[in-house]
Amino acid sequence: MLKNYIKTALRNIQKHKVLSMVNILGLTIGISATVLIGLYIHHEMSYDKFHRESDRIYRIERLGNWKGNDYHLPQTNHLIAPTLTRSFPEIEDYVRIWKGSGKFEDYKQNLFDEEYYLADNSIFDVFSFSLLRGNEKTALSEPNSIVLTEKMALKYFNTTDALGKNLPAEIIDSSIVLKVTGVMKEFPVNSHLQSDILLSYQTAHGLVGESILNRWIANYLYSYVLLKEGADIEALKAKFPGFIDKHMSSAYRQMMGDDVKPSYHLNFHLQPLERIYLYARLDYSIGPAGDINKLYSAGAIALLVLIIACINYINLSTAKSLTRAKEVGLRKTFGAFKRRVVFQFLSESVVLSFIAVLLSMIIIESIMPLYQNFLGKDIQIGYRDNPLILLVLLIFSVLVGILAGLYPSLYIAKFKPTTILKRFEYSKSSGGSAFLRKVLVVFQFAISIALVVSVLTMNKQLNFMINKDLGFDKEQVVEVPVNKTIRRNMESVKDELLNNPSIKSVSAAESGFGGGQFGDRLFRKYGEDESENKVIFIREVDKDFIPTLGIEIIAGENFTRLHNAQENAGFILNEEAVRELGYNSSREAVGDQLLMEDMENNKKGKIVGVMKNFHYQSLQYEITPLIFTVDPLSYRAFYVKMDTQDHQETLEFVKKSLNDYSPNYSFDYAFVDETFEANYRKENRMKSLFMIFSILAIFIACMGLFGLATFMVEQKTKEVGIRKAMGSSTMGVITLLTSEFMKWVLISNAIAWPVAYIAMRSWLQNFAYQIDIYYGYFILASVISLLIAFVTVFYKAYSAATISPVKSLRYE
């Protein structure tokens, strides 16, 4: 019986080639889109789930309110995790991870900048990271121990057998020799922790002062805890305020006064490990970060494209039901039950779906390298390694076939044999199906139009952010990280670089400008009480940084008049910092004294100038208070302003100059404008995703419209012949045949406009600085949809209108 159904299905596919090809192509595109986005969603949702105890691992995060502003930050300090573990039996173990960067010397005495994690040895107990060589119980237990991935071992020692070897390094201005105590596997790609180098946490005691490590207020690392089986998380959270008041009151009293209660301002949040990547959305992220809202958007797009493809099938199947009416009548006359008729037509739908899935796999395999490059992720479908995926795809094809074919099957199966041959009565009874077809076409085009408006709006917002005047000159400015040797000779190096006519200016500052993460300190007017402290971002720069980046000074002056002994005592504020500290104007602020609380001591300094607000972070963030100060010990990079189109030659000169002072220096650089643009990489990908799938949605909708027009024109062939015989013009017949389709598309626009407006209004809320929604895009999308629909239908209408009336009257 099943074999007969499949034979009949294949026979009907061959008989109705055009409609079958439209259906197969539409389903193929819909299924391909769904599978590709499904792979992406599965990958994103798999983050950190590979750890054996992932459901018991939590990150300790800070949340609270400071001066009326809510905050939620993932960083803690040296003391919190071990003290919590000792205080509460619910916590089984902890690990602290302190992210940093330093320079490491390879076997050829070349220096390379690398990021590393300072980590407790318990990292191998809490997480499921494993060593290929070495002892996981002791690898990071001693100071100056280091664990490398095989890739790093090869890079620095030219062998993966690096156990016991010494690795010279320059970390936080200290030259140390590290002993390799382990070689580990690379962290899985679906881990929010990503590092090729682990240093023992005990090494930190020799790199930074104990006064920094023993401060309860400082926050600079990430703390993870492993809870015991069955631990009551809510009960544990309820104990945190008491813990905070007990251990942090002294530090808070020094900062805010004797009557302060720390738990009013601070609490701890336990973030489940499996939710960090997608749900945290915090500043100062330790590694890659996703966004659950973008997954919802991607999933919705895939679903909409698949729905459009299924709508095509429903529309075309119900439209051609008239041609299958006699077949159904004969089957029922010879005793076929309704369920058998339903099963027959469902089997055709499933066969079409199965063919579409096979074609989809070919397409997916062909474009997978491009897709991986687009996402920047190593995503694989994996059916070669896991045969169960083939079963999933088979089930998926059956489900799609049932979804697309259920209504047409039920609709066709309800025909009565007694009315099958009565063409008028049958045609009359098909009115419900005609109405449904109109509704579905309207729905298809409404989705397509909404997607087009979304793409245009996204493109405008991203162009706005990339091209907006940030308040400083980021063009042709390159950031070049420096090491300790070059930093000691900074002024000499700057003079040598300025000898090149292609270099306009050179300055020194902290690295990472425009990357989104800035350090902060507590500031208050000198003489005020600690309760007036304000948390303000700070950036250490030299006297040439402001002119190099073209930042405007609106009151006071630059650091240029300060003597060397005074430089680290001066401050330049942005306008937001002036307001935050309570000054009525920029002029009032200049010359006043500020007190800055550092980790080790307090510093008093004079406000020498006020700079105009500028966007030092991406436009996703509002401009917040910022203070510049001068501190040569904090400089980690040169900022070189070039005045040439031959960047490569100039960069080669910079590299040679730096190598003259530090022969083993590993030259690296980043253009500041590209650093800012990188902040919008995810939004650009989402825009591209919308654009690609908008085109697919419109294409599928047009295929359906073409197939429907083909069928309806065939049904009206005799009517067209009569009209032509009665004197109707070719244009009149074309207008008749296209007007109904144009009406459907107009209705689609009326539905799509409010939907697109609401969706884009919501999306734009993610940006502190945003465009106004441009209503011209709605009109443009409408014109595009009408034009595409007209062109799609016009071909068939023109063909019908130009056929000889004699041929038309002989049709059927």
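Residues numbered from 1 in each chain as written. Predicted model: local features only at pLDDT ≥ 70, side-chain atom pairs only at ≥ 80, totals over all residues. Heavy atoms only, no water.

Q: Sorry, what's going on with the overall build of the protein chain here?
A: Each helix and strand counted, the protein chain has 28 helices and 22 strands in total. With 812 residues in all, the protein chain has 52% of them scored as buried. Contacts spanning at least 24 positions in sequence make up 78% of the contacts within the protein chain whose residues lie at least 6 apart. Carbon together with sulfur atoms contributes 55% to the accessible area of the protein chain, which is approximately 36,700 Å² in total. (Helix = DSSP H or I, 4+ residues; strand = E, 2+ residues; numbered from the N terminus. Buried < 20%, exposed > 50% of the residue type's maximum accessible area, 1.4 Å probe, protein only. Contact = heavy atoms within 4.5 Å. Areas by Shrake-Rupley, 256 points an atom, 1.4 Å probe, with all protein chains shown as cover.)

Q: Help me understand the packing of aromatic side chains in this model?
A: Each aromatic ring pair is specified by the distance between its two centres and by the angle formed by the two planes. Counted under the stated rule, the structure contains 35 aromatic pairs. Judged by centre distance (3.9 Å) and plane angle (5 degrees), the ring pair of F129 and F187 falls under stacked. Here F129, found in the loop between helix 4 (123-126) and strand 5 (131-134), pairs with F187, found in the loop between strand 8 (174-184) and strand 9 (197-200); they are 58 residues apart in sequence, far enough to count as distant. Residue class for F129 comes out buried when judged on its relative accessible area of 4%. For the ring pair Y665 and F667, a centre distance of 6.4 Å and an interplane angle of 70 degrees mean the geometry is edge-to-face. (Phe/Tyr/Trp six-rings, centres within 6.5 Å; stacked < 30°, edge-to-face > 60°.)

Q: Would you explain the pattern of salt bridges in this entry?
A: If the charged atoms of two oppositely charged side chains come close together, the side chains can form a pair. Per the stated rule, a full pass over the model turns up 22 salt bridges. Taking the shortest distance from any N to any O, the salt bridge between R539 and E510 comes out at 3.9 Å. With R539 in strand 15 (residues 534-540) and E510 in the loop between strand 13 (503-509) and strand 14 (519-525), this residue pair connects regions lying 29 residues apart in the sequence. Put simply, E576 and R579 hold a salt bridge, and the shortest N to O gap is 2.6 Å. Of the two residues, E576 and R579 are both situated in helix 20 (residues 575-580); the distance of three residues between them amounts to about one turn of the helix. In this structure E576 comes out as partly exposed when scored by relative accessible area, which is 23%. One salt-bridge network, held together by shared partners, links E53, R56, E92 and E229. (Salt bridge = Lys/Arg side-chain N within 4 Å of Asp/Glu carboxyl O.)

Q: Got a minute to help me understand the environment of A678 in this structure?
A: Residue placement: A678 occurs in helix 23 (residues 672-678). Take A678: its relative accessible area is 26%, and that puts it in the partly exposed class. Counting along the chain gives 60 residues from A678 to S618, while the straight-line C-alpha distance between them is 9.3 Å.

Q: Sorry, what's going on with helix 18 (residues 490-498) here?
A: An α-helix turns once every 3.6 residues. As a result, residues three or four positions apart point the same way. Residues of helix 18 that are buried include every one of M490, V493, K494 and L497, and no others. Projected down its long axis, helix 18 carries its buried residues within an arc of 100 degrees, all on one side. Along its buried surface, helix 18 packs onto helix 17 (484-488), strand 13, strand 21 (637-642) and helix 22 (647-661). (Arc of directions from axis to C-beta.)

Q: Which parts of the structure should I look at to understand the environment of E622?
A: Structurally, the position occupied by E622 is in the loop between strand 19 (602-611) and strand 20 (626-629). Look past the residues within four positions of E622 in its chain and what remains in contact with it is A768 and Y769.

Q: Looking at this model, I keep getting lost on the sheet that holds strand 22 (residues 670-671). Mind explaining?
A: Two modes of strand pairing occur in sheets, parallel and antiparallel, and in both the strands are linked by backbone hydrogen bonds. Across the sheet, four strands lie side by side as 13-21-12-22; this open sheet has antiparallel pairing. With one partner strand each, in any of the chains shown, strand 13 and strand 22 form the two edges of the open sheet. When strand 12 (residues 477-481) meets strand 21, the two strands line up antiparallel, connected through five bridges. Within strand 21, the position partnered with V478 by the bridge is V640. Lying over the sheet, helix 18 contacts strand 13 and strand 21, oriented at roughly 165 degrees with respect to strand 13. (Pairing = 2+ DSSP bridges. Axes fitted to C-alpha atoms, helices over the stretch in contact; angles between N-to-C directions.)

Q: How do you make sense of unusual backbone geometry when you look at a structure like this?
A: Negative phi characterises most residues that are not glycine, and trans characterises most peptide bonds. Its identity as a non-glycine residue notwithstanding, D48 has a phi of 65 degrees, on the positive side. When you line up the elements, D48 lands in the loop between helix 2 (17-45) and strand 1 (57-66). Of note in this structure, Q476 is not a glycine but carries a positive phi near 60 degrees. Assignment of secondary structure puts Q476 in the loop between helix 16 (431-467) and strand 12.

Q: Would you mind showing me how to read the packing of helix 18 against helix 22 here?
A: Viewed as axis vectors pointing N to C, helix 18 and helix 22 meet at an angle of 150 degrees, and their least axial separation amounts to 10 Å. One way to sum up the angle between helix 18 and helix 22 is to call them roughly antiparallel. The element helix 18 and its partner helix 22 pack so that their crossing is right-handed. On helix 22, the residues that touch S492, V493, E496 and L497 of helix 18 are F653, V654, S657, L658, D660 and Y661. Looking at side-chain class alone, the contact of helix 18 with helix 22 contains six nonpolar, two polar and two charged residues. (Parallel < 35°, antiparallel > 145°, perpendicular 65-115°, else oblique. Left-handed = near helix turned anticlockwise from the far one by under 90°. Nonpolar A, V, L, I, M, F, W, Y, C, P; charged D, E, K, R; others polar.)

Q: Explanation requested: the nonpolar core in the structure shown.
A: The nonpolar side chains of soluble globular proteins are, as a tendency, buried together. If you look at the biggest cluster of nonpolar residues, it comprises 175 residues, and the most contacted ones within it are F127, F628 and F638. No other element matches the 14 residues that helix 16 contributes to this core. One finds F157, I171, Y220 and L221 within the second-largest nonpolar core, a separate group that totals 28 residues. (Core = buried A, V, L, I, M, F, W, Y, C linked by side-chain atoms within 4.5 Å.)

Q: I tried to follow a nonpolar patch on the surface on my own but got confused; where do I start?
A: Residues F354, L358, L388, L391, L394, I395, V398, L399, I402 and L406 make up a contiguous nonpolar surface patch of about 850 Å² in total accessible area. Put simply, the parts of the chain that give the nonpolar patch at least two residues each are helix 12 (338-375) and helix 13 (388-413). By residue number, the principal contributor to the nonpolar patch is helix 13, which donates eight residues. Position of L391 among the secondary structure elements: in helix 13. (Patch = residues over 30% accessible without salt bridge, like charges linked within 9 Å, V, L, I, M, F, W, Y side chains within 5 Å.)

Q: Looking at this structure, I do not really get the side chain of T149. What am I missing?
A: With respect to the helices and strands, the residue T149 is situated in strand 6 (residues 145-149). A residue is classified by how much of its surface remains accessible, and T149, at 0% relative accessible area, is buried. Excluding residues that lie within four positions of it along the chain, T149 makes contacts with V183, M184, K185, E186, S195 and D196.

Q: Would you explain the environment of V180 in this entry?
A: Within the secondary structure layout, V180 lies in strand 8. What makes V180 buried here is its relative accessible area of 1%. Each C-alpha atom, one on V180 and one on N144, is 8.8 Å from the other, the two residues being 36 residues apart in sequence. In this structure V180 touches I146, L148, F157, A162, L163, G164 and K165, once residues within four positions along its chain are discounted.

Q: Please clarify how the side chain of S54 should be interpreted in this entry.
A: With respect to the secondary-structure elements, S54 resides in the loop between helix 2 and strand 1. For S54, the side chain forms a polar contact with the side chain of E274, separated by 2.6 Å. Apart from the residues within four sequence positions on either side, S54 is in contact with D48, K49, L273 and E274. (Polar contact = N/O pair within 3.5 Å; in protein donor to acceptor, adjacent residues only side chain to side chain.)

Q: How do you make sense of the confidence of the model for the protein chain when you look at a structure like this?
A: Low pLDDT marks regions whose predicted coordinates should not be analysed in detail. When pLDDT is averaged along the protein chain, the result is 82; 83% of the residues meet or exceed 70. Taken together, the stretch residues 423-430 has pLDDT below 50 and engages in 10 contacts with residues farther than four places along the chain or on a different chain. In this model, residues 563-567 is a region of pLDDT below 50 whose contacts with residues beyond four sequence positions or in other chains number two contacts. (pLDDT = per-residue confidence, 0-100.)

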